[in-house]
Amino acid sequence: MSRLSFDGMAVVLTCDGENVTLVDALDVKNNHSSVRMQAIVKDADGSEQLTYPFAEALMDAWRVMERDEERVILTRVARFLMEKQRNVTALVMGCASDAERLMPLESFVKRFDEDSCIYVDGGDAFCGVLPRDAYDIVISCGVDMDANALTMVKRYGVLFFVLDSIGDIGVVRRMFGDAIVYSLDDDFIVECRMTPQLWQRIYEVTYYGAMDALIRVTGEEIVAIGRELSTATHDDMKPLIQRMQGVESVLVTIFPARASVTIKRTANEAKAMMIDYALGIVEPSVARKAYDDFISDWNRG
C-alpha cells in the first residue's frame, strides 16, 4: 500500500515502509522562484497575518485532483519550479479523460509566471513532425514515446511517465539511468530529468539528428577537399576526385535538408573541372574557381 501524507508543510509518499519527501512547501532555502513561501498581509482592520502563498497554491490544486498519481506529479512539478524562475510550458500526452484531470496544474504553474501554460493532447500516438526542445515539462499518460518524441522536452526539462506495468519502467531506465520511480497502488510515476548531454545523445539517434550529423561530417569533408585542392598538383587529383564523388553521393541523401536548390549541380560542375584539371584540359585556377562556387553554394545552407 502507498500513502500520501503531510509532515508539516512537506508532502511525503510512503511505500513499502519507505518515506520519500516529494516537496516541502516551507523549504525557503531552496526556493528560487517568484512565489514566496511566507508573506505578511494586512487584514481590513489593519492587523497583520502570516500567510503561506506557496503552500496555499499547492493545496488549491491538490484539492481538485482526484488521484494520487496526479498529486505526485503536482508535487514534483512544484519542486521543479522552485529551482529557478521559469516561464513554464508543459505538455500532457495521453487519454483526454486522464489528461484533463491534470489541468489544475495550469492554475498552479501560473502562480509562478502568468505566461506559463499547459497543453493537452488526448491522442495515444504521435503524428507528423514534433516540436523539438519546446517544453519544460512533458507528462506521458500511457503514451509510447520514441526518441523523436523525447526531444520535445527542453534540454534541462523533466518528463513524467504514468505507467501501469513495472516492465515499462525498465524501458524508461534504459534511456534515463537515474530515473526516479514513485510506486502507487495502481500505477507508477517515473520522473526523468533531462540534461543537455542526454538530450543530444537521444537527438542523435533520431532521423533529424542523424541528418544533422551527416551534414556536419560532409561539411568538414568539403572544407578539407577545398583546402587540399588549393595546392594540388596533377598527381594529387585522383584521390581528391574520388572523395568528391563520395560527397556527391551523400548530397543525394541530404539534399532535402538543404536550402540550396543548386547544390547538386555546382558539386557536379566542381568535380568536372577537377577532372579536366587532372587531364590537363584546364588551368588549376579554373578548377579552384568552380570549387569555390560549390563551397559558396554549400555555405548558403
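Structure: see above.
Residues numbered from 1 in each chain as written. Predicted model: local features only at pLDDT ≥ 70, side-chain atom pairs only at ≥ 80, totals over all residues. Heavy atoms only, no water.

Asks: Help me out: how do you make sense of a negative patch on the surface in this one?
Replies: Among the surface-exposed residues, D144, D146, D164 and D168 lie close enough to one another that they form a single negatively charged patch. Summarising the element assignment, D168 is placed in helix 6 (residues 166-175). On the basis of relative accessibility, which here comes to 33%, the residue D168 falls in the partly exposed class. (Patch = residues over 30% accessible without salt bridge, like charges linked within 9 Å, V, L, I, M, F, W, Y side chains within 5 Å. Areas by Shrake-Rupley, 256 points an atom, 1.4 Å probe, with all protein chains shown as cover. Salt bridge = Lys/Arg side-chain N within 4 Å of Asp/Glu carboxyl O. Lys, Arg positive; Asp, Glu negative; His and termini not counted. Charge placed at Lys NZ, Arg CZ, Asp CG, Glu CD. Helix = DSSP H or I, 4+ residues; strand = E, 2+ residues; numbered from the N terminus. Buried < 20%, exposed > 50% of the residue type's maximum accessible area, 1.4 Å probe, protein only.)

Asks: Help me out: how do you make sense of the packing of helix 9 (residues 237-254) against helix 10 (residues 263-278) in this one?
Replies: Between two packed helices, both the angle of their axes relative to each other and the distance between the axes serve to describe the pair. Viewed as axis vectors pointing N to C, helix 9 and helix 10 meet at an angle of 165°, and their least axial separation amounts to 10 Å. Taken together, helix 9 and helix 10 sit at an angle that is classed as roughly antiparallel. Of the two possible hands of crossing, helix 9 and helix 10 adopt the one that is left-handed. Across the interface between the two elements, M237, L240, I241, M244, Q245, E248 and L251 from helix 9 touch I263, K264, A267, N268, A270, K271, M274, I275, Y277 and A278 from helix 10. When grouped by side-chain class, the residues that make up the contact of helix 9 with helix 10 number 12 nonpolar, two polar and three charged. (Axes fitted to C-alpha atoms, helices over the stretch in contact; angles between N-to-C directions. Parallel < 35°, antiparallel > 145°, perpendicular 65-115°, else oblique. Left-handed = near helix turned anticlockwise from the far one by under 90°. Contact = heavy atoms within 4.5 Å. Nonpolar A, V, L, I, M, F, W, Y, C, P; charged D, E, K, R; others polar.)

Asks: It is not clear to me how the pairing of strand 2 (residues 10-15) should be interpreted in this structure. Could you clarify?
Replies: Looking along a regular strand, one sees the side chains alternate between the two faces of the sheet. Buried residues dominate strand 2, accounting for six of its six residues. The alternating pattern of strand 2 places A10, V12 and T14 and V11, L13 and C15 on opposite faces, both of which are buried. By the bridge criterion, six bridges tie strand 2 to strand 3 (residues 18-24) in an arrangement that is antiparallel. The residue bridging A10 from the neighbouring strand is D24, located in strand 3. The hairpin turn running from strand 2 into strand 3, its antiparallel successor, is two residues long, and D16 in that turn takes a positive phi close to 55°. (Pairing = 2+ DSSP bridges.)

Asks: Would you take a moment to explain the sheet that holds strand 11 (residues 188-193) for this structure?
Replies: Where strands meet in a sheet, backbone hydrogen bonds hold them as pairs that are either parallel or antiparallel. With mixed pairing, six strands are arranged side by side in an open sheet as 7-6-8-9-11-10. Taken across any chain shown, the strands that pair with only one partner, and hence form the sheet edges, are strand 7 (117-121) and strand 10 (180-183). Averaged over neighbouring strand pairs, the angle between their axes works out to 15° when direction is ignored. Pairing between strand 8 (residues 135-141) and strand 9 (residues 153-163): six bridges, direction parallel. Each bridged residue has a counterpart across the sheet, and for Y135 the counterpart in strand 9 is V153. Sheet contacts for helix 2 (residues 68-82): strand 8, strand 9, strand 10 and strand 11; angle to strand 9, the most-contacted strand, approximately 165°. Sheet contacts for helix 7 (residues 196-204): strand 9 and strand 11; angle to strand 9, the most-contacted strand, approximately 75°.

Asks: Explain helix 9 to me, please; I cannot follow it from the model alone.
Replies: In an α-helix, one full turn covers 3.6 residues, which means residues spaced three or four apart are oriented alike. An ideal rise of 1.5 Å per residue puts 26 Å on 18 residues; helix 9 measures up with 25 Å between its terminal C-alpha atoms. Here helix 9 has its buried residues at M237, L240, I241, M244, V247, E248, L251 and I254. Seen end-on, helix 9 carries its buried residues on one side only, within an arc spanning 130°. Along helix 9, exposed side chains directed more than 90 degrees from the buried face belong to K238 and V252. Looking at the buried side of helix 9, the elements it contacts are helix 8 (207-229), helix 10 and helix 11 (284-299). (Expected span 1.5 Å × (residues − 1). Arc of directions from axis to C-beta.)

Asks: I would appreciate a short explanation of the sheet that holds strand 1 (residues 2-7) in the present structure.
Replies: Spatial ordering of the open sheet is given by 1-2-3, a layout of three strands whose pairing is antiparallel. The strands lining the two open edges of the sheet, one partner per strand, are strand 1 and strand 3. This sheet shows a mean twist of 25° between the axes of neighbouring strands, independent of strand direction. Across the face of the sheet, helix 1 (residues 53-64) comes into contact with strand 1, strand 2 and strand 3 while running at roughly 150° to strand 1. Set on the sheet, helix 2 makes contact with strand 1, strand 2 and strand 3; between it and strand 3 the angle comes to about 55°.

Asks: Please explain helix 7 as it appears in this structure.
Replies: Considered for burial, the residues of helix 7 that qualify are L198, W199, I202 and Y203. When helix 7 is viewed along its axis, its buried side chains cluster within an angular range of 135° and face the same direction. What points out from helix 7, more than 90 degrees from its buried face, is the exposed set Q197 and R201.

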